[in-house]
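Listed below are the residues making up each chain.
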Amino acid sequence: YLDKQIQIISPKVIVTLGASSTKALLATDEVISSLRGNFKEYNGIKLMPTYHPAALLRNPNLKKDVWNDMKKVLSVLKKG
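Notes on the structure follow. Note that the structure is a prediction, hence the values are computed from the model and not measured.

Rules of the game
- Residues numbered from 1 in each chain as written.
- Predicted model: local features only at pLDDT ≥ 70, side-chain atom pairs only at ≥ 80, totals over all residues.
- Heavy atoms only, no water.
- Buried < 20%, exposed > 50% of the residue type's maximum accessible area, 1.4 Å probe, protein only.
- Helix = DSSP H or I, 4+ residues; strand = E, 2+ residues; numbered from the N terminus.
- Arc of directions from axis to C-beta.
- Contact = heavy atoms within 4.5 Å.
- Pairing = 2+ DSSP bridges.

1. Things to note about helix α2 (residues 19-26)
- Turning to α2, its buried residues are Thr22, Leu25 and Leu26. Here the buried residues of α2 occupy an arc of 85° about the axis, which is enough to place them on one side. Summarising the geometry of α2, the exposed residues directed more than 90 degrees from the buried face are Ser20 and Ala24.
- The inward-facing, buried residues of α2 abut α1 (2-9), β1 (13-17), α3 (32-35), β2 (40-42) and β3 (45-50).
- Alanine 27 lies just past α2 and shows a positive phi near 50°.

Written out as structure tokens, the structure is:
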């Protein structure tokens, strides 16, 4: 179902928030802290894993990492 929705929407970038969504799409057991911040690929689409918002509430120091991840995403989107 999700794959069909992604196919219809045809996004330039997918941002996964947290370990659960990241692991589900990438079929990996790697921890989110080692995956975040680096683009991966999901069915030919760039995918940026980053921390879940709940993690930011527990540890506000992670906000800087997420901000840097989002700047990378914006850079890709601006390039078209």
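2. Some points on the pairing of β3
- By the criterion of burial, β3 is predominantly enclosed, with 5 of the 6 residues buried.
- Sheet topology note: the β1/β3 ladder contains 5 bridges and is parallel. In the sheet register, threonine 16 faces β3, and the bridge partner there is proline 49.
- Two strands pair when backbone bridges link them, and β2 and β3 are joined in this way by 3 bridges, in the antiparallel orientation. By the bridge assignment for β3, lysine 40 is matched with leucine 47.
- Turn length for the β2-β3 hairpin, with the two strands adjacent in sequence and antiparallel, is 2 residues, and the turn residue asparagine 43 shows positive phi of about 50°.

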